[in-house]
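Chain and residue survey
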Amino acid sequence: MTKERLSRRDFLMSAAKVVAAGVVAPAGGLAAAQAVFADGQSTSQETAVQQMWAGKEWGFVVDTQKCIGCARCVKACKLENKVPLDEEVFRTWVERYLVFNDDSGDEEVRTDSPNGGLDFKQLDVAPDKQFFVPKLCNQCHNPPCVQVCPVGATYRTGDGVVLVDRKRCIGCRYCIQSCPYGARFLHPVLKVADKCTWCYHRISHGMQPACVEVCPVGARKFGNQLDPNSQVAVLKKKARIRVLKPDMGTKPNVYYIDLDEVVE
Amino acid sequence: MEEEPGQKTRWSQKAGFRVGVVLVCVLVIFGIVRQMSVPKSFGQYGYYRGDNVEEWVSMDQTFAPGNQVCAQCHAQEVQAAAQAEHNQLDCQSCHGPMLAHVKQPNQTHPKVAGNVDLCGACHREMVGRSKDNIRTVQVGSHSGGLDCVRCHDPHQPYAKIGGGRQ
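Since we're looking at a predicted model, the values are computed, not measured.

Focus on the sheet that holds strand E1 (residues 58–63) of chain A
All names here are of chain A. Here we have 4 strands laid out as an open sheet, ordered E9-E1-E11-E10, and mixed in their pairing. Each edge of the open sheet carries a strand with a single partner, namely strand E9 (220–224) and strand E10 (241–242). Across 5 bridges, the pairing between E1 and E9 is antiparallel. The residue bridging Val 62 from the neighbouring strand is Arg 220, located in E9.

Observations regarding the sheet that holds strand E4 (residues 129–136) of chain A
Residues and elements named next belong to chain A. Sheet architecture is open: 3 strands sit in the order E3-E2-E4, paired in antiparallel fashion. Each edge of the sheet is formed by a strand with only one pairing partner; in this case those strands are strand E3 (107–112) and E4. Strand-to-strand twist across the sheet, computed as the mean angle between neighbouring axes with direction ignored, equals 25 degrees. As judged from the 6 bridges shared by strand E2 (residues 92–101) and E3, these two strands associate in the antiparallel manner.

A few points about a negative patch on the surface
Residue and element names in this part refer to chain A. Together, Asp 86, Glu 87, Glu 88 and Asp 119 make up a region of like negative charge exposed at the surface. Counting through the fold element by element, Asp 86 comes out in the loop between helix H3 (72–81) and E2. With a relative accessible area of 70%, Asp 86 lands in the exposed category.

Some thoughts on a nonpolar patch on the surface
Residues and elements named next belong to chain A. Taken together, the side chains of Leu 6, Phe 11 and Leu 12 present a nonpolar region at the surface, about 270 Å² in accessible area. Along the chain, Leu 12 falls in helix H1 (residues 8–37). Relative accessible area serves as the criterion here: at 53%, Leu 12 is assigned to the exposed category.

Side note on the pairing of E1(A)
All names here are of chain A. Across the 6 residues that make up E1, a large majority, 6, are buried. Relative to strand E11 (residues 254–257), E1 runs parallel, the two sharing 4 bridges. Opposite Val 62, over in E11, you have Tyr 256 as the bridge partner.

Points about the domain arrangement of chain B
When the parts of a complex come together, some accessible area is lost, and that lost area is often taken as the interface size. Residues and elements named next belong to chain B. Taken as a whole, chain B is organised into domain 1 (64–111) and domain 2 (113–166). Each side of the interface is counted separately: domain 1 has 10 residues, and domain 2 has 9 residues. Taken together, both faces of the contact between domain 1 and domain 2 bury some 730 Å²; the carbon and sulfur share is 55%. On the domain 1 side of the interface with domain 2, the three residues burying the most area are Glu 85, His 86 and Cys 94, jointly 52% of the side's total. Applying the counting rule to domain 1 against domain 2 returns 0 salt bridges. Applying the counting rule to domain 1 against domain 2 returns 2 residue pairs in polar contact (both at pLDDT 80 or more).

A short note on the nonpolar core
Ranked by size, the top nonpolar core spans 55 residues in total, and within it A:Phe60, A:Trp198, A:Tyr200 and B:Val53 carry the most contacts. If you look at the next biggest cluster of nonpolar residues, it comprises 9 residues, including A:Cys145, A:Cys169, A:Val192 and A:Ala193.

Observations concerning the pattern of salt bridges
Residue and element names in this part refer to chain A. Going through the model one piece at a time under the given rule, you end up with 13 salt bridges over all chains. One salt bridge connects Arg 110 with Glu 108, and the closest N-O pair in it is separated by 3.2 Å. The salt bridge involving Glu 213 is made with Arg 202; its shortest N-O contact spans 3.5 Å. In this pair, Glu 213 is assigned in helix H7 (residues 210–214) and Arg 202 in helix H6 (residues 200–203), connecting sequence segments 11 residues apart. In this pair, the class of Glu 213 matches that of Arg 202, namely buried.

Some remarks on the interface of chain B and chain A
On the chain A side, the residues contacting the 57 residues of chain B number 67 residues. In total, about 5,500 Å² of surface goes out of reach between chain B and chain A, with carbon and sulfur atoms giving 59% of it. The largest contributions to the chain B side of the interface with chain A come from B:Trp56, B:Phe63 and B:Val127, which together make up 14% of the buried area. Seen at the junction of chain B and chain A, the total is 2 salt bridges. Its salt-bridge partner being A:Lys167, residue B:Glu55 comes within 3.3 Å of it at the nearest N-O pair. Run the count over chain B and chain A and you get 19 residue pairs in polar contact (both at pLDDT 80 or more).

A look at the environment of A:Leu186
Residue and element names in this part refer to chain A. Counting through the fold element by element, Leu 186 comes out in strand E7 (residues 185–186). Put simply, Leu 186 and Ile 176 are 10 residues apart on the chain and 7.8 Å apart in space, counted from C-alpha to C-alpha. In this view, Leu 186 contacts Val 89, Gly 171, Arg 173, Ile 176, Lys 191, Val 192 and Ala 193; residues no more than four positions away in its chain are not counted.

Describing the packing of aromatic side chains
Within this structure, the stated rule accounts for 10 aromatic pairs over all chains. With 6.1 Å between their ring centres and 65 degrees between their planes, A:Phe60 and A:Phe222 make a pair best called edge-to-face. Within this pair, whereas A:Phe60 is found in strand E1, its partner A:Phe222 is found in strand E9, the two being separated by 162 residues in sequence. With respect to burial, A:Phe60 and A:Phe222 carry one shared label: buried. Here B:Phe42 and B:Tyr47 contribute two aromatic rings whose centre-to-centre distance is 5.0 Å and whose plane-to-plane angle is 90 degrees, an arrangement assigned as edge-to-face. The class for B:Phe42 is buried, based on a relative accessible area of 18%. By relative accessible area, B:Tyr47 is classed as exposed at 60%.

Thresholds applied
Residues numbered from 1 in each chain as written. Chains lettered and ligands numbered in written order. Predicted model: local features only at pLDDT ≥ 70, side-chain atom pairs only at ≥ 80, totals over all residues. Heavy atoms only, no water. Pairing = 2+ DSSP bridges. Helix = DSSP H or I, 4+ residues; strand = E, 2+ residues; numbered from the N terminus. Axes fitted to C-alpha atoms, helices over the stretch in contact; angles between N-to-C directions. Patch = residues over 30% accessible without salt bridge, like charges linked within 9 Å, V, L, I, M, F, W, Y side chains within 5 Å. Areas by Shrake-Rupley, 256 points an atom, 1.4 Å probe, with all protein chains shown as cover. Salt bridge = Lys/Arg side-chain N within 4 Å of Asp/Glu carboxyl O. Lys, Arg positive; Asp, Glu negative; His and termini not counted. Charge placed at Lys NZ, Arg CZ, Asp CG, Glu CD. Buried < 20%, exposed > 50% of the residue type's maximum accessible area, 1.4 Å probe, protein only. Domains from an automatic or database assignment. Contact = heavy atoms within 4.5 Å. Buried area = accessible area lost by both parts, 1.4 Å probe. Polar contact = N/O pair within 3.5 Å; in protein donor to acceptor, adjacent residues only side chain to side chain. Core = buried A, V, L, I, M, F, W, Y, C linked by side-chain atoms within 4.5 Å. Phe/Tyr/Trp six-rings, centres within 6.5 Å; stacked < 30°, edge-to-face > 60°.

The structure is reproduced here in structure tokens:
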């Protein structure tokens, strides 16, 4: 057998042909396979979901003047979303802020949230300023938790709620680290990231989130920001509102009425 | 070309072809593995599994939609409460989640504890809780350990004790 020698040009030409064939053939095969696997049902489901999202941007308003720190919301949330009651994890929680001013003008802020606000104790102190702040996921427009997820297990829906895909989540806790509001935790039973969903299984069926439902003083309001007649849209327009940590650039969708500057 | 005359190499013997075969195999295997490992609905609406939206939507609720549901059977209680101090409350604020009861009224009989733990959640005197927002008491000295419902009807808090605020 004679030894074959290729010129550079011939080698490059044939290599180019082979690469082209190698790319086109499997790509065509993949497309064909996908066409075979895809069924008609997914398209109808797709339109149903898109119809559900159309014209909706959910929003949440918390009135810090009204909250009495009863933590009915905390308990209702756990019962509704099957988060273990005896574990120190919360989708929503209530913080107590006590502000003391001494004569020299120094300000001391004491914050506590024992058992998410379910176990507030009477304290022997007389603060100058006292109030409660309910906290929950802000369902940010620009959510850091979604950005850092390495497996695409968390996402923001078309109607503005950040959800976790429990089947895809690998429990790496990156998202828990990245949330500036501490709104995420590892579900003690399921071992996947969990967070407030604004009760997506309720709001998608025209109900209010459980915490809004049970709040005895109406400190929590929920609705569609795009509907000008909704309570949330009206309050957002007329009330003096602030969001938490606006400097983080996350663009939160929980709006606080009369939020004190000491709150973080 | 430096081939010897009359001796043409078979195309399948060429180095480029062999490299190509390996490349195609790698790509095909990659395609198959990708097809198997990426869920079908991934990328439907974005960089996530589209089916998950439906999974969240179809999750079971625990709390009933609101007082209008309760009023279908318990109209008297709902009306009584609507006229008194607790008119802002959802029945389930105190009674707890009731959707199971709504679905099967005869199977589930929820109980509500009318004790200081329940009422005290809102009415206990506590640092942080402003008296401007809610009427608070020192639960220990106020009731002397008795359940609140001994004197107060939660639906009409002052009805049992003569109708007037103490």
